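As a plain string of letters, each chain reads:
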Amino acid sequence: MVDEASTDGTVAMLERDWPNVKVVRNATPRGPGAARNVGIAHSTGDWLFFWDDDDLMHRDHLAELIKATLTAPANHLVAGRARAFAVVAGKTVLSPVICPPAERSDAETLAGFVDPGSPRTIVHSAMLWPRKLFDTVKWDEELLFYEDFDICGQAILAGRSEEHTSELQSH
């Protein structure tokens, strides 16, 4: 867990309630991309999951992502469903489900990232990421919003490059 210089007792709560969670504390807030890069640098597992302080997760989300990811073809990222929410006048209001159509190709998904009028269909917090991807792909530390669009686009391009390279080597 990366703490962005919080002053609300988050670190003390984590130490008390989640003693097995490794906490890395930034002395000053550096933004979402920098926080995620710091977390990646301190990670040791094969898989990463990015969960922000304003995200809620269904109890089966990670188990379903793991199952789908392990059965997916190599070099594929699996995105689960997500919904944005807001509390308006004391009531929780949910957005429509965010999920790419199964029949959409990676190229069509990538085209959606560069089209500002395209509907949002993937969010970083709905994905289980292979740690090895971040050996070559990094979160852009200058972006303070829409950084998830950038990282998803980079991941798709990295997968395309690796897939294309593999095809060239086998022919």
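Trainee: For the overall build of the protein chain, give the residues involved together with the corresponding values.
Mentor: Within the protein chain one finds five helices and six strands. Along the protein chain, helices and strands appear, N-terminal first, in the series β-α-β-α-β-α-β-β-α-β-α. For the protein chain, the proportion of its 171 residues judged to be buried stands at 30%. In the protein chain, once contacts between residues fewer than 6 apart in sequence are set aside, the share between residues at least 24 apart is 52%.

Trainee: Talk me through the pattern of salt bridges; I want residue IDs and the actual numbers.
Mentor: Opposite charge on two side chains lets them pair, provided their charged atoms get close. Within this structure, the stated rule accounts for six salt bridges. A salt bridge links D17 to R16; the shortest N-O distance between them is 2.9 Å. Overall, the relative accessible area of 41% leaves D17 in the partly exposed class. By relative accessible area, which is 59% here, R16 ends up exposed. Between R36 and E147 there is a salt bridge, with its nearest N and O atoms 2.9 Å apart.

Trainee: Just give me the short version of helix α2 (residues 32-41), but keep the residues and values in it.
Mentor: The element α2 is largely enclosed, with a buried count of seven among its 10 residues. Looking at α2, one finds that the buried residues are G33, A34, A35, R36, N37, V38 and I40.

Trainee: So what's going on with the side chain of T69? Residues and values would help.
Mentor: Positionally, T69 belongs in helix α3 (residues 61-71). Apart from the residues lying within four places of it in its own chain, the contact partners of T69 are W47, V78 and L128.

Trainee: I'd like a description of unusual backbone geometry, backed by residues and values.
Mentor: The residue A5 is not glycine, and still its phi comes out positive at about 60°. With respect to the helices and strands, the residue A5 is situated in the loop between β1 (2-4) and α1 (10-17). Residue classification places A5 among the buried residues on the basis of a relative accessible area of 18%. At A89, a residue that is not glycine, the phi angle is positive and equals roughly 50°. Within the secondary structure, A89 sits in the loop between β4 (85-88) and β5 (91-94).

Trainee: Describe the pairing of β5, with residues and values.
Mentor: Bridge count for β4 against β5 is four bridges, and the pairing is antiparallel. Residue pairing for β5: V88 is matched across the bridge by K91. A loop of two residues connects β4 with β5, the two strands running antiparallel in sequence, and A89 in this loop sits at a positive phi of about 50°.

Trainee: Quick rundown of the environment of Q154? Include the residues and the values.
Mentor: As for its position among the elements, Q154 is in helix α5 (residues 147-170). A relative accessible area of 24% places Q154 in the partly exposed class. Distance in space between the C-alpha atoms of Q154 and V137 is 6.6 Å, their sequence separation being 17 residues. Not counting residues up to four positions away in its chain, the partners in contact with Q154 are V137 and K138. Looking at Q154, its side chain comes within polar contact range of the side chain of D150, at 2.7 Å.

Cut-offs used in this document
- Residues numbered from 1 in each chain as written.
- Predicted model: local features only at pLDDT ≥ 70, side-chain atom pairs only at ≥ 80, totals over all residues.
- Heavy atoms only, no water.
- Helix = DSSP H or I, 4+ residues; strand = E, 2+ residues; numbered from the N terminus.
- Buried < 20%, exposed > 50% of the residue type's maximum accessible area, 1.4 Å probe, protein only.
- Contact = heavy atoms within 4.5 Å.
- Salt bridge = Lys/Arg side-chain N within 4 Å of Asp/Glu carboxyl O.
- Pairing = 2+ DSSP bridges.
- Polar contact = N/O pair within 3.5 Å; in protein donor to acceptor, adjacent residues only side chain to side chain.

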